[in-house]
Amino acid sequence: SSSSSSSSSSSSSLPVLNPPIMPSPLPALGEDAAGYDASHKRRIVNALLYRSKQRGFLELDLLLGQWAEANIRTLDDEQLKLYAQILKCENPDLYSWLTNQTNPPEEVATNPIWTQIKKASDDFLRKQSAGAQAPAGTPWIRGWNDLQKRGDKDDIVVEK
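Here we summarise the structure given alongside this text. From a predicted model like this one, the values you see are computed outputs, not experimental measurements.

**Let's talk about the nonpolar core**
Next up, step 1: Ranked by size, the top nonpolar core spans 25 residues in total, and within it L48, L64, I72, Y83, L94, I113 and I117 carry the most contacts.
Next up, step 2: Elements with a contribution of two residues or more to this core: α2 (38-53), α3 (58-71), α4 (77-87), α5 (91-98) and α7 (112-127).
Next up, step 3: Per element, the largest residue contribution to this core is 6 residues, and it comes from α4.

**Concerning the pattern of salt bridges**
Next up, step 1: One pass over the structure, following the stated rule, counts 7 salt bridges.
Next up, step 2: The salt bridge involving E69 is made with R73; its shortest N-O contact spans 3.6 Å.
Next up, step 3: Looking at E69, the relative accessible area reads 38%, which means it is partly exposed.
Next up, step 4: For R73, a relative accessible area of 53% corresponds to the exposed category.
Next up, step 5: The residue D123 makes a salt bridge to R126 at a minimum N-O spacing of 2.6 Å. With D123 and R126 both in helix α7 and 3 residues apart, this pair spans about one turn of that helix.
Next up, step 6: Since its relative accessible area comes to 60%, R126 is described here as exposed.
Next up, step 7: Three or more residues joined by partner-sharing salt bridges are found here, namely K53, E69 and R73.

**With respect to the packing of aromatic side chains**
To describe a pair of aromatic rings, one takes the distance between the centres and the angle between the planes.
Next up, step 1: Scanning the model with the defined rule gives 3 aromatic pairs in all.
Next up, step 2: Taking the centre distance of 5.2 Å and the plane angle of 45 degrees together, the rings of F57 and Y95 count as tilted. Within this pair, whereas F57 is found in the loop between α2 and α3, its partner Y95 is found in helix α5, the two being separated by 38 residues in sequence.
Next up, step 3: Ring geometry for W67 against Y83: centres 5.1 Å apart, planes inclined by 45 degrees, an arrangement best described as tilted.

**A word on the packing of α4 against α7**
Next up, step 1: Running from N to C, α4 and α7 point in directions that differ by 65 degrees, and their axes come no closer than 8 Å. On the basis of their axis angle, the class for α4 and α7 is roughly perpendicular. When you trace α4 past α7, the crossing you get is right-handed. Contacts between α4 and α7 involve Q79, L82, Y83 and I86 from the former and P112, I113, W114 and I117 from the latter.
Next up, step 2: Taken together, the residues of the contact of α4 with α7 sort by class into 7 nonpolar, 1 polar and no charged.

Quick notes on the rules
- Residues numbered from 1 in each chain as written.
- Predicted model: local features only at pLDDT ≥ 70, side-chain atom pairs only at ≥ 80, totals over all residues.
- Heavy atoms only, no water.
- Core = buried A, V, L, I, M, F, W, Y, C linked by side-chain atoms within 4.5 Å.
- Buried < 20%, exposed > 50% of the residue type's maximum accessible area, 1.4 Å probe, protein only.
- Helix = DSSP H or I, 4+ residues; strand = E, 2+ residues; numbered from the N terminus.
- Salt bridge = Lys/Arg side-chain N within 4 Å of Asp/Glu carboxyl O.
- Phe/Tyr/Trp six-rings, centres within 6.5 Å; stacked < 30°, edge-to-face > 60°.
- Axes fitted to C-alpha atoms, helices over the stretch in contact; angles between N-to-C directions.
- Parallel < 35°, antiparallel > 145°, perpendicular 65-115°, else oblique.
- Left-handed = near helix turned anticlockwise from the far one by under 90°.
- Contact = heavy atoms within 4.5 Å.
- Nonpolar A, V, L, I, M, F, W, Y, C, P; charged D, E, K, R; others polar.

Any link to function would need more than the numbers given here.
The structure is reproduced here in structure tokens:
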């Protein structure tokens, strides 16, 4: 009878699994990263790099991701905090500021990391093919038949 009670108790209770070992939490973006060891700083850098390259806005993924990939590992703790402040901004705002559609607010415009990002973005956009950009003052062509709608039929080649 003792063997039946031990088997019933072992079958009714599941083994307790130890929780996985988790790294200490990262400071929130923009919080003080000073005083952390190299592996902790590496996790912060990787988190910022991920947020730069995976924003869900392709154009920003390219502009911010390329800058971050080239520069983020050389930033000190204070510069990482400044960069984290930029990453807190909303995607449409960042895009409109980087593409000179609107001016950023003073706190962004005076951020020295923003100045570096803006210069790199301007250089990148200047190097792009003129055919990939709308001429100044004209709307960008949005669809395959927009040229027909505008009446620019000379630019369209139709095979018969």
